[in-house]
Amino acid sequence: MSVTAPPALDAATWQSLAEAHAARADGFTAGRRERRSRQQKHAIEDFLFEYYPVTPAVLRRWHPGVGVALESPAPHAGWRWYRTSDDGTVTLDADAFVADRGEAVRFVHGLLTATLGRPALTGCFGLHEWAMVYREGDEHRHPLPLRLGSAGTDAVVEAHKIRCTHFDAYRFFTPQAVDRNTLRPTRDSMTAMEQPGCLHAGMDVYKWATKLGPAVPGDLLLDCFELARDIRTLDMQASPYDVTTYGLDPVTIETPEGKAHYVARQREFAERGNALRARLVTVCEALPA
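Residues numbered from 1 in each chain as written. Predicted model: local features only at pLDDT ≥ 70, side-chain atom pairs only at ≥ 80, totals over all residues. Heavy atoms only, no water.

**Regarding the environment of A23**
Note that A23 resides in helix α1 (residues 11-37). Overall, A23 belongs to the exposed group, its relative accessible area being 51%. Spatially, the C-alpha atom of A23 lies 24 Å from that of Q39, the residues being 16 residues apart in sequence. (Helix = DSSP H or I, 4+ residues; strand = E, 2+ residues; numbered from the N terminus. Buried < 20%, exposed > 50% of the residue type's maximum accessible area, 1.4 Å probe, protein only.)

As structure tokens, this is what we get:
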């Protein structure tokens, strides 16, 4: 049976898009690549490549997205989940992709749709990072000093009510901090609890984009990465760590001014995150059920 391909991008057009994508990705990963050549670490930026294990090489690989065909010659013809039509154009084989990754697609669709349907909750003030070092003394996750010292950090935790909705943040709480959270998020309750005001949920929009693989067009993937990068910066500015060695000012969430700044940025990120979630939901719905 012959395969009818969708309208195709001509070679000059898609090659230009691929080159622009690679250049943008290279800009995002330049620091990571340069540090690795010197075997140096960065407590803020490296998170985006270690917690989300996508290499710079994979990030710079451009995909047109589901339903977009490319005129030959296209290297995609030799990539997993692509097919070549009778007229020589190359497109994502959506049926093959869903056959292999359908469970992930359905989970991502359900999670993002549920998150989009909820209001953004503010008032957590980024205390998840503080709860991860609570009563740990000088032992903590990042090679940075604590801005207020151990005792000062513990005092901030004890002066606040913690309202963390995100399991992958909550699971790193110290044993002494676990019962201070007013909620008990679990892996199984993610779809029921995820909400757009959560900074970690906003960063994870990038994770869900990577789970959808080549179905996600390159510009959307990099938009998700950029959001994760921006959120990660605020996440660490508002953390108990001293980030001034990276040229960043702290967001002092233990003060009224710091809280107001955090909430304003939190709302901004919720709007950006929801716009990207909606685009990813459209990707999911373009794939066969």
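Text resumes after the structure shown.
**Notes on the environment of V133**
Among the structural elements, V133 can be located in the loop between α5 (127-131) and α6 (149-158). Given a relative accessible area of 2%, V133 falls into the buried group. For the pair formed by V133 and F225, sequence separation is 92 residues and the distance between their alpha carbons is 27 Å. Filtering out sequence-adjacent residues up to four positions away, V133 remains in contact with H140, L146, T153, D154, T174, P240 and Y241. (Contact = heavy atoms within 4.5 Å.)

**Description of α1**
Helix geometry: α1 is bent most strongly at T29, by close to 55°. The complete set of buried residues in α1 reads A11, W14, H21, A22, A25, F28, T29, R32 and R35. Each element contacted by the buried residues of α1 is listed here: β1 (8-9), α2 (47-50), α3 (56-59), β2 (69-70) and α11 (218-237). At the C-terminal side of α1, Q39 shows a positive phi close to 55°. (Bend = angle between axes of the 7 residues up to and from the residue.)

**Observations concerning empty space enclosed by the protein**
Under the definition given, this model contains two cavities of 30 Å³ or more. Roughly 110 Å³ of internal volume is contained in the largest cavity. In this structure, the largest cavity is lined by 14 residues; those nearest its centre are C124, H128, R163, C164 and T165. Broken down by secondary-structure element, the contributors of at least two residues to the lining of the largest cavity are α5 and α10 (199-211). (1 Å grid on protein atoms, 1.4 Å probe; cavity = no way out; pocket = protein on both sides within 12 Å on 5 of 7 lines; lining within 4 Å. Points joined across faces, edges and corners; volume = space filled by probe spheres on them.)

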